[in-house]
Amino acid sequence: MTTVTNPNIKLNKVEKLKAKKDGLDVKKELENFAKIGWEAVEKDDLETRLKWLGIFYRPVTPGKFMLRLRIPNGFLNSEKMRVLANIIQRYGEDGTADITTRQNIQLRGIRLEDIPEIFSQLKAVGLTSMQSGMDNVRNLTGSPVAGIDPDELIDTREMLQKVQDMITNNGEGNYAFTNLPRKFNIAIEGARDNSIHAELNDLAFIPAYKDGVLGFNVIVGGYLSAQRCAESIPMGVWVRANDEDVVGLSHAILTVYTANGAQEGLRASRGKARMMWLVEKWGMEKFRAEIEKEFGKPLADAAPEDEITQDKKDHLGVHPQKQSGYSYVGLHVPMGCLDADKMFELARLAEVYGNGEIRLTVEQNVIIPYIENENVDTFLSEPLLQQFSIAPSTLTRSVISCTGARYCNFAIIETKQRALKLAQELDRELDIPNRVRIHWTGCPNSCGQPQAGDIGLMGTKVRKDGQAVEGAKIFTGGQVGKEAKLGTLTNKGVACDDLKPVVRNILMEKFGATFKEGVAPKE
Ligand code: SRM
Ligand code: SF4
């Protein structure tokens, strides 16, 4: 498809940078960057273009880079986990890793001079960080229990790998999709519980039967951002659950979005560039017609109903697999934080007790599958499970968070430590009858999806005693699973130091929490 341009529309700053030199071009220069050192790399390459390769310069920790991988479907194995652990081990205390809200892994403490060697190590085990940042398609999400879930409808693992291979040219980089008007999120759901927040994605496939055939209804345009949050809307289309249709439709949508971005004004303002803006500008009828043209064959109308019938699971604990005699065990990784030792240990456990597979969830946790039922008790007595519990207390179990001020220069507040501390303290004080999901995010970019939480906390500045101090906006009412909907802002800002009583009150008023016997509040 040829790109349509409109000379009357001004390009934004990032578009000008891309027009000067594509982000992917820095791939050729990596050896040189490694030789000259990060301080000698030109600013736009260092701070922006390297993100095309998943290499993130961190102004908070200059010289210590973050490397964002791609783990489609959150599907890993012990060999890959060991390679990742090895990469960060050499950096001592700087070498850490995080599981992200897109069931992915980010490594920290990385030195630019090591990147060529790190890329060879990743390639050797089929891993890549290609096109994982800036105006590219992010990690592709799918049910973390694909292939083992007794209620599963569609095993999405191969499909997602193929979509990734199409987008990244098998991890080598693909100029066809390195110049999207903005970032782009894709999810393919094969389970009944909407395990990957389909509604938050620019493009999502949701299982649905049409005339007795299992395929996907397609929804488009969902996204969260500082300027606007939108749930996906139905495209009115159904496709078969095969690679040809799913890879083909993803290809067609990305191509149309890329080719028309400039003409339709998407490349003028970063705040009005996500795909929803194109859908709205054209209207769904034209959008669908343009996609159909690019897809090259007629698109079937959506099935009347989808198969998302369950509440969202968190997969923690011991669960029977569809393979008889085996269980999968979900481990809680506090705030998704890992280090090399824990990663080596996860790899060992996956091999000793399972078949080597390790899965990641959008709740920033880990699942080890294929544990023979008679070995589950021994597995549960392993020392790592003292830290990565299968049954944490109520709030601790479900709290998730974005990176926050420790490493992210957009952050208004520190998130991860604060989030864990608040959850643990309130768990000690309260009896809470049901799961309450608290989502923290350090700034309005919403990487921690506060609008999807039962309670969402978003970093902000508030005035207290005449001073600007760290605070949080509060969202409530977010729902996930079959009745997914975004929560809304209910408090414009509370100083972080004053958050505990405010969150406690919300838990008591809206979620039936009561004080534990003998607990008297200090505030
Ligand atoms: Fe995000 C930018 C971290 C999921 C919306 N996000 C960033 C950057 C890259 C900013 C930067 O350069 O520092 C953050 C890197 C910080 C760091 O050092 O880790 C960052 N985002 C994250 C992660 C790591 C949060 C986490 O702790 O899990 C998640 C990585 C996912 C992955 O594996 O690729 C992450 N980001 C999300 C999500 C959640 C999701 O996808 O479900 C969102 C909201 C959903 C969406 O995009 O529609 C999200 N991130 C943003 C935005 C706002 C996008 C927009 O359209 O305005 C930005 C800023 C931007 O792109 O301009 C951003
Ligand atoms: Fe950084 Fe803001 Fe995203 Fe948190 S929400 S990771 S602070 S950009």
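You'll find the structure just up there.
What comes next is a walk through the structure. For every chain, the first residue of the written sequence is number 1, and numbering continues from 1 onward in sequence order. The order in which chains are written sets their letters, starting at A; the order in which ligands are written sets their numbers, starting at 1. For this predicted model, a pLDDT threshold of at least 70 governs which residues receive local features, and a threshold of 80 or more governs which side-chain atom pairs are given and counted, while totals over whole chains, interfaces and linings are taken from all residues. By convention in this description, side-chain values take in all heavy atoms of the structure and omit both hydrogens and water.

Numbered from the N terminus, helices here are DSSP runs of H or I no shorter than four residues, and strands are runs of E no shorter than two. The helix and strand tally for the protein chain stands at 15 helices and 25 strands. Just to be clear, the radius of gyration here is over C-alpha atoms, and the globule rule we use is 2.2 Å times residues to the power 0.38. In summary, the protein chain has a C-alpha radius of gyration of 23 Å against a globular reference of 24 Å for 523 residues, a match within 12%. Taking the principal axes of its C-alpha atoms as reference, the protein chain extends roughly 70 × 60 × 50 Å. In the protein chain, which comprises 523 residues, the share counted as buried stands at 59%. Looking at the protein chain alone, contacts between residues at least 24 apart form 69% of all its contacts between residues at least 6 apart. When the accessible surface of the protein chain is totalled, it reaches about 20600 Å², and 48% of it is carbon and sulfur. If you average the places of the 67 positive and of the 70 negative side-chain charges in the protein chain, the two averages end up 6 Å apart. When accessible area is computed with a 1.4 Å probe and restricted to protein chains, residues below 20% of their type maximum are described as buried, those above 50% as exposed, and intermediate ones as partly exposed. Should any heavy atoms of two residues lie within 4.5 Å, those residues are considered in contact. Only the protein chains shown count as covering a residue, and every accessible area follows the Shrake-Rupley method with a 1.4 Å probe. Residues counted as positive are Lys and Arg, residues counted as negative are Asp and Glu, and His and the chain ends are not counted. By convention, the point assigned to a charge is CZ for Arg, NZ for Lys, CD for Glu and CG for Asp.

Now for the site of ligand 1. Working definition: residue near molecule or strand if any one of its non-hydrogen atoms lies within 4 Å of it. Close contacts around ligand 1 come from 30 residues, with R108, K183, R274, T403 and C447 the closest. As used in this structure description, the phrase polar contact means that two N or O atoms lie within 3.5 Å; if the pair is within protein, one of them must be able to donate a hydrogen and the other to accept it, and residues adjacent in sequence are counted only when both atoms belong to side chains. Between an oxygen atom of ligand 1 and a side-chain N or O atom of K51, the distance comes to 3.1 Å. The separation between an oxygen atom of ligand 1 and a polar side-chain atom of N185 is 3.2 Å. Of all the secondary structure elements, the ones that give two or more residues to the shell around ligand 1 are β2 (65-68), β5 (105-110) and β10 (223-224).

For H197, which is not a glycine, the phi torsion comes out positive at approximately 55 degrees. Tracing the backbone shows H197 in the loop between β7 (186-188) and β8 (203-210). What makes H197 buried here is its relative accessible area of 4%. Despite not being glycine, Q449 has its phi angle at roughly 50 degrees, a positive value. Structurally, the position occupied by Q449 is in the loop between β21 (438-441) and β22 (455-464).

A word on the packing of aromatic side chains. Between the rings of Phe, Tyr and Trp (Trp by its six-membered ring), a pair exists once the centres lie within 6.5 Å; its type follows the angle of the planes, with under 30 degrees stacked, over 60 edge-to-face, and the other angles tilted. Taken as a whole and judged by the stated rule, the model has six aromatic pairs. Their ring planes at 75 degrees and their centres at 5.8 Å tell us that F205 and F216 sit as a pair that is edge-to-face. With F205 in strand β8 and F216 in strand β9 (residues 213-220), the pair connects residues that are eleven residues apart, well separated along the chain. Just as F205 is buried, F216 falls in that class too. What links up through ring pairs into an aromatic cluster is the set W38, Y57 and F65. In our convention, an over-ring charge means Lys NZ or Arg CZ found within 6 Å of a ring centre and within 35 degrees of that ring's normal. R108 extends its terminal NZ or CZ atom over the ring of Y407, reaching a point 4.2 Å from the ring centre. In this arrangement the basic side chain of R228 is found over the ring face of W277, its NZ or CZ atom lying 5.0 Å from the centre.

Once that is clear, we can look at the packing of helix α7 (residues 243-260) against helix α8 (residues 275-282). Under this scheme, a helix contributes an axis fitted over its contacting stretch, all axes are lines through C-alpha atoms, and angles between N-to-C directions fall in the 0 to 180 degree range. Where α7 meets α8, the closest approach of the two axes is 11 Å, and the angle between their N-to-C directions is 80 degrees. Taken as axis vectors, α7 and α8 run roughly perpendicular relative to one another. Taken together, the residues of α8 that come into contact with α7 (itself represented by I253, V256, Y257 and N260) are M275, L278 and W282. Its residues placed into classes, the contact of α7 with α8 shows six nonpolar, one polar and no charged. The labels follow the angle: roughly parallel below 35 degrees, roughly antiparallel above 145, roughly perpendicular from 65 to 115, and oblique for the rest. Throughout, the ten residues Ala, Val, Leu, Ile, Met, Phe, Trp, Tyr, Cys and Pro are labelled nonpolar, Asp, Glu, Lys and Arg are labelled charged, and all others, Gly among them, are labelled polar.

The next point concerns the nonpolar core. L50, I55, I105, L107, I110 and L122 are the most contacted members of the largest nonpolar core, which has 57 residues in total. When neighbours within four sequence positions are excluded, I105 is seen to be in contact with L67, R68, L69, I71, L76, M81, L84, A97, D98, T100, L338 and L360. The nonpolar core is taken to be a set of buried Ala, Val, Leu, Ile, Met, Phe, Trp, Tyr and Cys residues, with the residues joined through side-chain atoms within 4.5 Å. Counting residues in each nonpolar core, the second largest holds 42 residues, with M275, V279, W282 and F287 among its members.

Our focus in this paragraph is the sheet that holds strand β15 (residues 326-331). A pair of strands counts as paired when DSSP detects no fewer than two bridges linking them. Overall, antiparallel pairing links the five strands, which are arranged β3-β17-β18-β15-β14 in an open sheet. Either end of the sheet is taken by a strand with one partner, and the two such strands are β3 (75-77) and β14 (317-320). Within the sheet, the average angular offset between the axes of one strand and its neighbour, ignoring direction, is 30 degrees. Both β14 and β15 contribute to a ladder of four bridges, which runs antiparallel. The residue of β15 that forms the bridge with H319 is Y328. Helix-sheet contacts for helix α4 (residues 78-89) involve β3 and β17 (357-360), and the interaxial angle to β3 is about 80 degrees.

Right, let's talk about the sheet that holds β22 for a bit. Pairing in this open sheet of five strands is mixed, and the strands run β19-β21-β22-β23-β24 from one edge to the other. Every other strand in the sheet has two partners, leaving β19 (400-401) and β24 (488-495) as the edge strands with one partner each. As judged from the two bridges shared by β19 and β21, these two strands associate in the parallel manner. Directly across from S401, in β21, lies its bridge partner W440. Each of β21, β22, β23 (467-476) and β24 touches helix α15 (residues 499-511); the most contacted strand, β23, lies at about 10 degrees to it.

Any functional reading would require information beyond the geometric quantities listed.
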